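Reading the structure
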Amino acid sequence: MLTLNGKKIEIGHFPDGTLLMKEYVERQYDAQRSAVIGWYFAENEELAALIYLVGHLKAHGVSRIHLDMPYIPNARQDRVKSDEDVFTLKYFADTINWLGFASVTVLDPHSTVSEALFDNLIVRTPQEYIAKVVAAIGDENLMMFYPDEGAMKRYSALADKPFAFGIKKRDWATGQIMGLDVSGAAERIKGSRVLIVDDICSRGGTFYHSAKKLKELGAAQVYLYVTHCENSILQGEVLTSGLIERVFTTNSILTAEHENITVLN
């Protein structure tokens, strides 16, 4: 979904499938001829719509355009291992840079590679959302769990709580997670309420194995916060295993609904 200064952009289609867009620009920028485009990613077609919208704004005298893009599309393709791999994140960033935004604001990017590729980048941490989750579930006897060392380094300073972190055990032939070991304050897990924190969830295999291990170690309750949650979470074991009490996420990319998911705006 694209918005212009908070107003949703309606995107239609001509019979040939190309985009049909209308926007009365003069009502959508301020006296400084600036505007803010919000992009809550749902599909790749929105990139074409973004390009057309920026061109339309510039043609109507809007000189400073800010992009608020909480989730970075293509962020998973942040490295290439062979010549046949297409570095989609880089070329996506090149396109965003070409559009010449005055600022590009993102939330909790997947890796530092993303941060290095975009011009005029403003990075927001998920600290305020983690604080909201802690307030919602209560901080009594609560500790944090980070599924890997990378997550521990990113998030451990955002919450003043004891924590442990996972060390994943993978089948390197298939990439499948077989389980995990726990480091950090593992001795405090028994009897504690545990909040798992990470940046992104697809089907949630990492979080299923994390919750399974935490329960084996005696955790009383397990909760999950992920900044960006794909609709595919409904197809995994996170919501069906009964191991995780509730999932918290933002509305950066999630459009699906589930009774055990709380979405933070």
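Please read these numbers as outputs of a predicted model, since none were measured by experiment. (Residues numbered from 1 in each chain as written. Predicted model: local features only at pLDDT ≥ 70, side-chain atom pairs only at ≥ 80, totals over all residues. Heavy atoms only, no water.)

1. Here's the deal with the nonpolar core
The test is simple: Only buried Ala, Val, Leu, Ile, Met, Phe, Trp, Tyr and Cys residues count toward a nonpolar core, and they belong to the same one when joined by side-chain atoms within 4.5 Å. A 1.4 Å probe rolled over the protein chains alone gives each residue an accessible area, and that area as a share of the maximum for its type sets the label: buried under 20%, exposed over 50%, partly exposed in between. Numbered from the N terminus, helices here are DSSP runs of H or I no shorter than four residues, and strands are runs of E no shorter than two. Any two residues whose heavy atoms approach within 4.5 Å are treated as being in contact.
With 32 residues, the main nonpolar core has Ile37, Trp39, Leu50, Leu67, Met69, Ile96 and Phe101 as its most contacted residues. For this core, the elements supplying multiple residues, two or more each, are β1 (2-4), β5 (34-39), α1 (45-59), β6 (64-68), α2 (88-98) and β7 (103-107). Residues contacting Phe101, with those up to four places away along its chain left out, are Ile37, Leu50, Val54, Ile65, His66, Leu67, Ile96 and Asn120. Ranked by size, the runner-up nonpolar core spans 26 residues in total, among them Val194, Ala211, Cys229 and Val238.

2. Let's talk about the packing of aromatic side chains
Our working definition: Pairing of aromatic rings covers Phe, Tyr and Trp, the last through its six-membered ring, and needs centres within 6.5 Å; plane angles under 30 degrees mean stacked, over 60 mean edge-to-face, and all others mean tilted.
Within the structure shown, the criterion is met by six aromatic pairs. Here a set of aromatic residues connected by ring pairs shows up, and it is made of Trp39, Phe41, Tyr71, Phe92 and Phe118.

3. Let's talk about the environment of Asp198
How we decide: Between N or O atoms, a polar contact is any pair within 3.5 Å; within protein, one atom must be a potential hydrogen donor and the other a potential acceptor, and residues adjacent in sequence are included only when both atoms are from side chains.
Of note, Asp198 is situated in strand β12 (residues 193-201). Residues Asp198 and Arg154, 44 residues apart in the sequence, show an inter-C-alpha distance of 8.9 Å. When neighbours within four sequence positions are excluded, Asp198 is seen to be in contact with Asp108, Pro147, Ala151, Arg154, Tyr155, Phe207, Tyr225, Val226 and Thr227. Within the structure, Asp198 has its side chain in polar contact with the side chain of Arg154 (distance 3.1 Å).

4. Digging into unusual backbone geometry
Trans peptide bonds make up the majority, and among non-glycine residues the majority have a negative phi. Located in the positive-phi region is Asn74, a residue other than glycine, with phi close to 70°. Note on placement: Asn74 falls in the loop between β6 and α2. Note on Asn74: relative accessible area 28%, which makes it partly exposed. The backbone of Asn141 shows a phi angle near 55°, a positive value even though the residue is not glycine. Secondary-structure assignment places Asn141 in the loop between α4 (127-137) and β9 (142-146). Residue Asn141 is classed as partly exposed on the basis of its relative accessible area of 43%.

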